[in-house]
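Coordinate analysis (summary)
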Amino acid sequence: MAIKIFKNFFKRIFFSIFKNKKDIKLGFYGPPNAGKTSLANRICKDFTGEEIGSVSKIPHETRNIEFKEKVEISYKGKKMVFKMIDTPGIATKIDYEDFLKYKMKKKDAKNRAKEATQGVIESIKWLDDMDMVVIVLDATENPYNQVNITIIGNLVARKIPVLIVANKVDLRKADIKKIEAAFPEYDTIGISAKYGTNLEEFYESIFKLTKKL
Amino acid sequence: MTKKRGKKKGLGKLNGFSIQFLPYSEFKDLGSMKRIKKILDIVLGNHILILQGKLKPSEETRLIEDTMAMIGHIPNFKGIELAVISENDGRGFFAKMKMGLANALAGGNLGALTVIGPATIVKEIKRNPKKIELLVK
């Protein structure tokens, strides 16, 4: 009888702990066209069967914060529930004329630029709400872009754990070492979100990062 | 330091550009909002600004937010190009610590330089750890 009461007591305590435990808010940040949505889509598709947003060759495809709740990632027998937050790419300049190169109508290009500027503001506002952040960088681009340094600086100031992902390693121009050299204080994982390359190492790093929470 | 701005706030037709140097002493006592306003006033006047020192990360994001809010509202303004080069970049732990101490005594990072220019003039600021290359349109 006493054992039963004890058992029920612990059951209740454990239940209340896990009931109140919120999902880990995992943000995807970075410059436009680095592959934030592609990576978030790949993870969501693997664990929920649904994607989080649309991807495009035209920059600033994601112009609003997109969420996917209750994404349970399992890796080597461990399970964790995340709230995935895909953010619009952060930039210091947006010119509607850049979108015209993609055969977009002037009116649509202007509208896209307007939405993109609002998206950048929204992304910055959401920095405070993240539990941990994956910075997605294009491994074919120069990592010493001030936007990358600014985002990381802000996350460090807020004590939010950071993982750097060097995306597009499938491309010949990709240079992970350059990214590692630019941000030596952080773990950098080279992946291809498009082909799902090296995602196992990515999941391992994500689980490792949760220990810093 | 010259001011080329007309009556109307906006970039208008470009006939050239100038470079302004802002010493740390000019903005060290300003609050974040005033610092950003000062920077944007210079950039909106079609000047490329070389700032001694660097902004705090929160000021940098505020600068980006304010820049985004201005695009579409100020004629011909398409944003900014921004780069910071710091003596700390690529240094070892002890060198960084020594530099941090020196900066604390100076009241700011005097070993840093910030380059900010309007995107209508500055095509790109290429940065590697040791140099900044400014490509003008």
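Located above this text is the structure these notes cover.
Now for a quick tour of the structure. Since the model is a prediction, treat every value here as computed from it, not as a measurement.

Observations regarding the overall build of chain B
- What chain B contains, in helices and strands, is four helices and six strands.
- Written out in order from the N terminus, the α and β elements of chain B read β-α-α-β-α-β-α-β-β-β.
- When burial is assessed residue by residue, chain B has 45% of its 137 residues classed as buried.
- Taking the contacts inside chain B whose residues are at least 6 apart along the sequence as the reference set, 71% of them involve residues at least 24 apart.
- A total accessible area of about 7,500 Å² is found for chain B, and carbon and sulfur atoms account for 56% of it.

What to know about the sheet that holds strand E2 (residues 47-52) of chain B
All names here are of chain B.
- Sheet architecture is open: four strands sit in the order E1-E2-E4-E3, paired in mixed fashion. One side of each edge strand has no neighbouring strand; the edge strands of this open sheet are strand E1 (18-22) and strand E3 (80-86). Between one strand axis and the next, the sheet turns through 15° on average, direction left out of account.
- As judged from the four bridges shared by E2 and strand E4 (residues 112-118), these two strands associate in the antiparallel manner. Note on E4: the bridge partner recorded for Ile50 is Val115.
- Sheet contacts for helix H2 (residues 32-44): E1, E2, E3 and E4; angle to E2, the most-contacted strand, approximately 145°.

Overview of the layout of surface pockets
- Its volume calculated, the largest pocket comes out at about 1,200 Å³.
- At the level of secondary structure, the elements contributing two or more residues to the lining of the largest pocket comprise helix H3 (96-100), strand E4 (132-138) and helix H5 (146-157) of chain A together with E3 and strand E5 (122-128) of chain B.
- Per-element accounting of the lining of the largest pocket gives the leading share, five residues, to E5 of chain B.
- Across the lining of the largest pocket, the residue classes tally to 16 nonpolar, seven polar and 14 charged.

Details of the packing of H2 of chain B against helix H3 (residues 57-70) of chain B
All names here are of chain B.
- Close contact between H2 and H3 brings their axes to 10 Å; oriented N to C, the two are set at 50°. Regarding the angle of H2 to H3, the classification is oblique. Viewed along their axes, H2 and H3 form a crossing whose handedness is right-handed. From H2, Ser32, Met33, Arg35, Ile36, Ile39, Leu40 and Leu44 reach across to H3, where they touch Glu59, Arg62, Leu63, Asp66, Thr67 and Met70.

Quick notes on the rules
Per chain, residue numbering runs from 1 following the sequence as it is written. Labels are handed out in written order, letters beginning with A for the chains and numbers beginning with 1 for the ligands. The predicted origin of the model limits local features to residues at a pLDDT of at least 70 and limits the giving and counting of side-chain atom pairs to 80 or more, whereas totals for whole chains, interfaces and linings rest on all residues. Processing note: side-chain calculations cover all non-hydrogen atoms of the structure and skip hydrogens and water entirely. Helix and strand definitions here come from DSSP, where helices need a minimum of 4 consecutive H or I residues and strands a minimum of 2 consecutive E residues; each element is numbered from the N-terminal end. Each residue is assigned to one of three classes by its accessible area relative to the maximum for its type, calculated with a 1.4 Å probe on protein chains only: buried under 20%, partly exposed between the two thresholds, exposed over 50%. We call two residues in contact whenever any of their non-hydrogen atoms come within 4.5 Å of each other. Each accessible area is a Shrake-Rupley result for a 1.4 Å probe, and residues are judged covered by the shown protein chains and nothing else. Following DSSP output, two strands are said to pair if at least two bridges run between them. Think of each axis as a best-fit line through the C-alpha atoms, taken over the contacting stretch in the case of a helix, with angles from 0 to 180 degrees between the N-to-C directions. Only protein atoms enter the calculation, which uses a 1 Å grid: trapped sets of points that fit a 1.4 Å probe without letting it out are cavities, open sets showing protein on both sides within 12 Å along at least five of seven lines are pockets, and any residue with an atom within 4 Å of a point is a lining residue. Grid points are joined across faces, edges and corners, and a volume is the space filled by probe spheres set on the points. Throughout, the ten residues Ala, Val, Leu, Ile, Met, Phe, Trp, Tyr, Cys and Pro are labelled nonpolar, Asp, Glu, Lys and Arg are labelled charged, and all others, Gly among them, are labelled polar. Convention used here: angles under 35 degrees read as roughly parallel, angles over 145 as roughly antiparallel, angles from 65 to 115 as roughly perpendicular, and any remaining angle as oblique. Each helix crossing is assigned a hand: it is left-handed if the near helix lies turned anticlockwise from the far helix by less than a right angle, otherwise right-handed if that turn is clockwise.

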